[in-house]
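Report on the structure
Read off the chains here:
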Amino acid sequence: MAVSARAPIAVADSGHVERARRRTTVRRRAGRAGLYLIAVCAALVAALPFIWGTITAFKRDADLYNSENNPFMFNLDPTGEHVSFLFDGTSFLTFAANTLWVGLLVVAITLAVGLPAAYSLARLNMRWSGALGISIFFVYLVPPTLLFISLTRVVAITGLQDSTWSLVLIYPTITIPVSMWLLMGFLKAVPRDLEEQAMVDGYSRLGAFTRIVVPLALPGIVAVVVFAFTLTAHEFIYALAFISPSDAKTISIGVPTELIRGDVFFWQSLQAAAILVAVPIAFAFNLLLERFITGFTMGAVKG
Amino acid sequence: MSVSEPPGLRGRATLADREGFLAPIFLLPAVVYIIALVAIPLLLAIAFAFSDVTVGDPSFEWVGLRNFDAIFDDPVFWRSLRNTLVFTVISMALTIVLAKALAMILIANFRFKWLIRFLVLLPWTTPIALAAVAWLWMLDSVYSPIDWVLRSLGFIESNVYWLGKDELAMASVIAVHTWRIVPLAAVIILAGLISIPDDIKDAAEIDGAGFWRKLFEVTVPLTLPVIAVATLFGAVLTFTDMSVVYILTRGGPENATQVLPSYAYLKGIGSGDLAQGAAIALFLFPLLLAAAIAILRSVKKMETF
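Turning next to the overall build of chain A. Summing up its helical and strand segments, chain A has 15 helices and 2 strands in all. Taken over C-alpha atoms, the radius of gyration comes to 26 Å for chain A, far larger than the 19 Å a tight globule of 303 residues would show. With respect to the principal axes defined by its C-alpha atoms, chain A has extents near 75 × 65 × 35 Å. Sequence-distant contacts in chain A: of pairs separated by 6 or more residues, those separated by 24 or more amount to 75%.

Next up on the list: the overall build of chain B. Looking only at helices and strands, chain B has 14 helices and 0 strands in total. Of the regular secondary structure in chain B, the N- to C-terminal order runs α-α-α-α-α-α-α-α-α-α-α-α-α-α. A principal-axis box enclosing the C-alpha atoms of chain B has dimensions of 85 × 70 × 35 Å. Buried positions account for 44% of the 305 residues belonging to chain B. Of the contacts formed within chain B by residues at least 6 apart in sequence, a portion of 70% connects residues at least 24 apart.

One broad rule of soluble globular proteins: the nonpolar side chains tend to lie buried together. Formed by 169 residues in total, the largest nonpolar core has its most connected members in B:Ala132 and B:Val133. The dominant element in this core, judged by the number of residues it contributes, is helix H8 (residues 166-194) of chain B, at 14 residues. Both domain 1 (15-79) and domain 2 (82-299) of chain A contribute no fewer than three residues apiece to this core. Non-local contacts of B:Val133, meaning those with residues more than four positions away in its chain, are made with A:Val255, A:Pro256, A:Leu270, A:Ala274 and B:Ile247.

If you look at the interface, chain B gives 75 residues, while chain A gives 76 residues. Ranked by residues supplied to the side of chain B that touches chain A, first place goes to helix H2 (residues 19-49) of chain B with 16 residues. Residue classes in the side of chain B that touches chain A are distributed as 64 nonpolar, 7 polar and 4 charged.

When the parts come together, some accessible area is lost, and that loss is often what is quoted as the size of the interface. All names here are of chain A. According to the domain assignment, chain A consists of domain 1 (15-79) and domain 2 (82-299). Each of domain 1 and domain 2 was reduced to a C-alpha centroid, and the two centroids are 34 Å apart. Each side of the interface is counted separately: domain 1 has 8 residues, and domain 2 has 9 residues. Looking at the side of domain 1 that touches domain 2, the element that brings in the most residues is helix H2 (residues 15-57), giving 5 residues. Partitioned by chemical class, the residues of the side of domain 1 that touches domain 2 number 3 nonpolar, 4 polar and 1 charged.

Glancing now at the confidence of the model for chain A. Summary statistics for chain A give a mean pLDDT of 85 and a share of 94% for residues scoring 70 or more. Mean pLDDT values for the elements of chain A range from 44 in helix H1 (residues 2-11) of chain A up to 95 in helix H8 (residues 164-170) of chain A.

Let's shift gears to the packing of helix H4 (residues 75-107) of chain B against helix H10 (residues 211-239) of chain B. For any two helices packed against each other, one specifies the inter-axial angle together with the distance between the axes. All names here are of chain B. Packing of H4 against H10 leaves a shortest axis separation of 9 Å and a crossing angle of 140°. In terms of their interaxial angle, H4 and H10 are classed as oblique. Along this stretch, H4 crosses H10, giving a crossing that reads as right-handed. Across the interface between the two elements, Thr 84, Phe 87, Thr 88, Ser 91, Met 92, Thr 95, Ile 96, Ala 99 and Lys 100 from H4 touch Ile 227, Ala 230, Thr 231, Gly 234, Ala 235, Thr 238 and Phe 239 from H10.

Looking at the secondary structure, you find B:Val38 in helix H2. Residue B:Val38 is classed as buried on the basis of its C-beta count, with 20 C-beta atoms lying within 10 Å. Aside from chain neighbours lying at most four places away, what touches B:Val38 is A:Val139, A:Val142, A:Leu147 and A:Thr173.

Residue and element names in this part refer to chain B. Two numbers describe how H4 lies on H8: the axes approach to 6 Å, and their chain directions differ by 45°. Judged by the angle between their axes, H4 and H8 are oblique. Every pair of crossing elements has a handedness; the one defined by H4 and H8 is right-handed. In this structure, H4 uses Phe 87, Ile 90, Ser 91, Leu 94, Thr 95, Leu 98, Ala 99, Lys 100, Leu 102, Ala 103, Leu 106 and Ile 107 to contact H8, whose residues at the interface are Val 173, Ile 174, His 177, Thr 178, Ile 181, Val 182, Pro 183, Ala 185, Ala 186, Ile 189, Leu 190 and Leu 193. The residue inventory of the contact of H4 with H8, partitioned by class, reads 19 nonpolar, 4 polar and 1 charged.

Residues and elements named next belong to chain A. Note on placement: Arg 60 falls in the loop between H2 and helix H3 (61-64). Expressed as a C-alpha distance, the spacing of Arg 60 and Glu 81, which sit 21 residues apart in the sequence, is 8.5 Å. Beyond its immediate stretch of four places on either side in the chain, Arg 60 contacts Leu 76 and Thr 79.

When the pLDDT values of chain B are averaged, the result is 84; 93% of them are 70 or greater. For this predicted complex, the interface confidence score (ipTM) comes to 0.84, while the overall pTM stands at 0.85.

Moving on to the environment of B:Leu190. As for its position among the elements, B:Leu190 is in helix H8. For B:Leu190, a count of 22 C-beta atoms within 10 Å puts it in the buried group. Each C-alpha atom of the pair B:Leu190 and B:Leu106 lies 7.3 Å from the other, and the pair is 84 residues apart in sequence. Ignoring sequence-local partners within four residues, the contact set of B:Leu190 consists of A:Ile293, B:Ala103, B:Leu106 and B:Ile107.

This part covers unusual backbone geometry. All names here are of chain B. Unlike most non-glycine residues, Tyr 161 shows phi in positive territory, near 55°. Here Tyr 161 is to be found in the loop between helix H7 (145-152) and H8. Positive phi is not limited to glycine here, since Glu 254 has a value of about 50°. Here Glu 254 shows up in the loop between helix H11 (243-248) and helix H12 (260-270). Judged by the 11 C-beta atoms lying within 10 Å of it, Glu 254 falls in the exposed class.

Cut-offs used in this document
- Residues numbered from 1 in each chain as written.
- Chains lettered and ligands numbered in written order.
- Predicted model: local features only at pLDDT ≥ 70, side-chain atom pairs only at ≥ 80, totals over all residues.
- Helix = DSSP H or I, 4+ residues; strand = E, 2+ residues; numbered from the N terminus.
- Rg over C-alpha atoms; globule rule 2.2 N^0.38 Å.
- Contact = placed C-beta atoms within 7 Å.
- Buried ≥ 20, exposed ≤ 12 C-beta atoms within 10 Å, placed from the backbone.
- Core = buried A, V, L, I, M, F, W, Y, C linked by C-beta atoms within 7 Å.
- Domains from an automatic or database assignment.
- Nonpolar A, V, L, I, M, F, W, Y, C, P; charged D, E, K, R; others polar.
- pLDDT = per-residue confidence, 0-100.
- Axes fitted to C-alpha atoms, helices over the stretch in contact; angles between N-to-C directions.
- Parallel < 35°, antiparallel > 145°, perpendicular 65-115°, else oblique.
- Left-handed = near helix turned anticlockwise from the far one by under 90°.

Next up, the structure:
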């Protein structure tokens with residue numbers, strides 16, 4: 001298309017075409033420069049707290065707590081002692097282990113419950129499946145801030161208060177609806193023909209689902225695993241309401257409540273913790289961003 | 001269940017084949033989970049608002065509108081309600097403009113795009129509590145680097161105390177929320193931009209439409225529903241959140257940044273009055289319903305393309 005459009009112009013290479021082209025080139029270059037400028041500014045605004053946090057993490061107390069010092073430079077030699085304090089002197093590793101443990105269990109429950117449900121809505125013929133799909137999506141809009149008070153009672157009645165199991169029980173209410181929506185998108189993307197062929201070859205409907213559809217949707221399922229895990233790592237309100245002993249806390253509540261004690265702020269260690277968690281999650285997200293977009297858009301497509 | 005499964009196993013095969021049987025069975029666990037731990041707690045929350053349940057005395061007794069009488073007499077409740085509305089409207093307005101601009105950066109091709117994208121998405125991908133901790137330090141009363149820059153440039157004599165004055169604290173909370181929501185909204189809009197058919201873009205290009213004409217006559221009208229969805233989504237995540245307020249200001253100074261969720265937490269968990277906390281949180285419901293209806297409408301509009 002682009003080649004065929006350009007060819008006739010090259011033939012009719014008269015003066016004013018040349019000038020017009022130069023004018024567009026100038027305008028393009030100005031546009032590019034503007035784009036770079038805006039992109040760099042946006043990146044700086046977005047990342048500034050993290051950039052400063054990284055510098056802070058390695059600063060000595062004498063350097064950090066001197067309001068005349070340039071905050072963006074090391075006025076004294078950098079030190080790693082506050083980062084090691086995060087690992088040796090605080091429960092950060094326990095918080096991290098709790099976050100991982102809760103996250104993995106919740107992801108497992110989410111897939112076990114969400115995958116068949118998504119398949120049912122995406123592929124199997126059923127009345128109301130369209131309406132059910134939309135309502136599942138809206139469950140995601142029911143916020144934890146509306147439910148945490150009554151769920152506090154539910155958790156107390158089940159005896160799971162102050163235990164990470166309370167989060168394992170409650171977090172799937174956040175992850176299942178979103179994951180189902182994403183999974184519906186990925187399952188719809190698997191060609192129906194393959195499934196029907198498998199059934200012609202002697203698989204049952206169930207067999208076609210587990211042997212053909214699930215393996216083909218695997219890249220999407222991986223994306224859902226990452227998405228659901230990060231949702232659990234992000235959660236704050238339930239964890240704050242359900243859990244008070246520090247050895248059951250997750251990163252999300254452990255870092256802001258245990259590393260800030262009254263008026264004492266462990267600023268360098270706090271910033272180190274924020275960066276150590278933020279960077280790996282951001283990497284995983286960036287790797288899978290296109291897949292997330294595909295899943296969310298496909299979820300809305302009629303199967 | 002192997003490749004060589006003979007079609008002779010009719011008994012199992014028919015059950016595993018019948019969609020009328022499989023469809024509800026597959027759906028059942030998810031529906032049970034949602035009903036047990038979302039729908040019932042939601043009804044329970046409504047019931048709590050009309051009861052005298054506390055953390056210390058969880059026995060349920062109906063008290064009618066007593067909790068609502070109490071919160072209507074409470075000036076902090078009205079302040080929280082107003083703050084929640086102000087907060088949502090301002091951050092929505094900022095999000096529309098900034099997210100649209102950011103989406104256009106994300107869709108463009110240039111060198112180091114991955115790095116820009118990585119940095120730009122950080123506010124959204126970072127757990128909100130940790131992002132708020134990073135901002136707490138950015139806005140520190142003594143060591144804020146923003147103050148340092150302003151002082152060095154001679155704009156201010158002494159520190160600003162971002163979180164210590166009513167309006168500034170509110171502005172700070174709104175800014176942090178907007179900072180966090182814009183990347184998410186931008187990604188949703190990006191999904192909408194990608195779905196604009198190439199021939200429409202090509203046609204506009206061939207017609208010689210400039211940047212602004214293309215923006216206002218092609219991309220904006222075509223992506224308007226998706227922009228609406230992105231903004232509403234951001235709004236819901238903003239006005240139902242309490243972590244930013246909780247970590248940055250705890251609702252202070254003197255309830256200047258108190259919002260409904262944080263006040264519900266303060267009353268319900270902080271002072272243990274679950275009933276009153278539930279009554280306060282209940283006022284999020286009309287806002288949510290309005291947002292949900294608006295989202296549905298925008299989605300319907302999108303489907304007509």
